[in-house]
Amino acid sequence: DQQVKQNSPSLSVQEGRISILNCDYTNSMFDYFLWYKKYPAEGPTFLISISSIKDKNEDGRFTVFLNKSAKHLSLHIVPSQPGDSAVYFCAASVYGSQGNLIFGKGTKLSVKP
Amino acid sequence: KAGVTQTPRYLIKTRGQQVTLSCSPISGHRSVSWYQQTPGQGLQFLFEYFSETQRNKGNFPGRFSGRQFSNSRSEMNVSTLELGDSALYLCASSLVSGGGQPQHFGDGTRLSIL
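Scope of this entry: the structure provided in the associated data block. Predicted, not measured: the structure shown is a model, and the values here were computed from it.

### Here we look at the nonpolar core
Here is step 1 of the chain: Counting residues in each nonpolar core, the largest one holds 23 residues, and the members touching the most others are Phe33, Trp35, Leu73, Leu75 and Tyr88 of chain A.
Here is step 2 of the chain: Among the secondary structure elements, those contributing two or more residues to this core are strand S3 (19–25), strand S4 (30–38), strand S5 (45–51), strand S7 (62–67), strand S8 (72–77), strand S9 (86–94) and strand S11 (107–112) of chain A.
Here is step 3 of the chain: Among the elements that make up this core, the one with the highest residue count is S9 of chain A (four residues).
Here is step 4 of the chain: Excluding residues that lie within four positions of it along the chain, Tyr88 of chain A makes contacts with Gln6, Leu21, Trp35, Tyr36, Lys37, Leu47, Leu75, Ile77, Gly106, Thr107 and Leu109 of chain A.
Here is step 5 of the chain: Among the nonpolar cores identified, the runner-up in size contains 21 residues, and Cys23, Phe64, Val78 and Ile113 of chain B belong to it.

Below is the structure:
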């Protein structure tokens, strides 16, 4: 049973527009959420995280929104750039077990010039 | 600042053999976690080590084991290799365990079983 779901396997966006990647989770014990970006032949690169006590965290072009009641989080990238093209993974962990990240299956983002 | 270093990058083994993978965390990081990535299952947690002690373990058979040394470097061992063990094995480190710190990943070891 998947505890973290990324229902869109792929997303295509025009350069300069907003990219919105979505993630749903089922375990209400999750209290720390992260987004990673992965290029082929490289390990995942940490982008941004959010604690369950917040509903928004911003870092430059990247913003993560958390809706605990809906068990939903999203990553907004504004403006999108061709270099953002990669696979994006959503991950979650339970307090006290942050070494154990539960990952979604990923969304492949393509940003077209 | 050097990132997480995994060696070797690529490895080819045959069924029944055993293999040891190595991970050097970011300097100062004391928690090391291991993950297996396959096309079908995605990224799955294997285990986490902190201060030379296993803190958490995922749902993998006992053939998968690990250890951590006093300098925080970690090794992962897989015995009696099976075809299904072919995967990308990723190591990640963080400052502490359970502290809400993000994990930073290495580029992985690609293990192929013939």
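### Describing the interface of chain A and chain B
Here is step 1 of the chain: The partner chain B presents 24 residues to the 19 residues of chain A that form the contact.
Here is step 2 of the chain: Linking chain A to chain B there are zero salt bridges.
Here is step 3 of the chain: Top contributing element to the side of chain A that touches chain B by residue count: S4 of chain A, with four residues.
Here is step 4 of the chain: Across the side of chain A that touches chain B, the residue classes break down as 10 nonpolar, six polar and three charged.

### What about the pattern of salt bridges?
Side chains that differ in charge, positive against negative, can pair when their charged atoms come close.
Here is step 1 of the chain: The final tally for this structure, using the stated rule, is six salt bridges over all chains.
Here is step 2 of the chain: Here Arg61 of chain A makes a salt bridge to Asp84 of chain A, at a shortest N to O gap of 2.8 Å. Note that Arg61 of chain A is positioned in the loop between strand S6 (56–59) and S7 and Asp84 of chain A in the loop between S8 and S9, a separation of 23 residues in sequence.
Here is step 3 of the chain: What makes Arg61 of chain A partly exposed here is its relative accessible area of 23%.
Here is step 4 of the chain: Because the salt bridges share partners, they merge into one network encompassing Arg63, Glu82 and Asp85 of chain B.

So, how was this worked out
Residues numbered from 1 in each chain as written. Chains lettered and ligands numbered in written order. Predicted model: local features only at pLDDT ≥ 70, side-chain atom pairs only at ≥ 80, totals over all residues. Heavy atoms only, no water. Core = buried A, V, L, I, M, F, W, Y, C linked by side-chain atoms within 4.5 Å. Buried < 20%, exposed > 50% of the residue type's maximum accessible area, 1.4 Å probe, protein only. Helix = DSSP H or I, 4+ residues; strand = E, 2+ residues; numbered from the N terminus. Contact = heavy atoms within 4.5 Å. Salt bridge = Lys/Arg side-chain N within 4 Å of Asp/Glu carboxyl O. Nonpolar A, V, L, I, M, F, W, Y, C, P; charged D, E, K, R; others polar.

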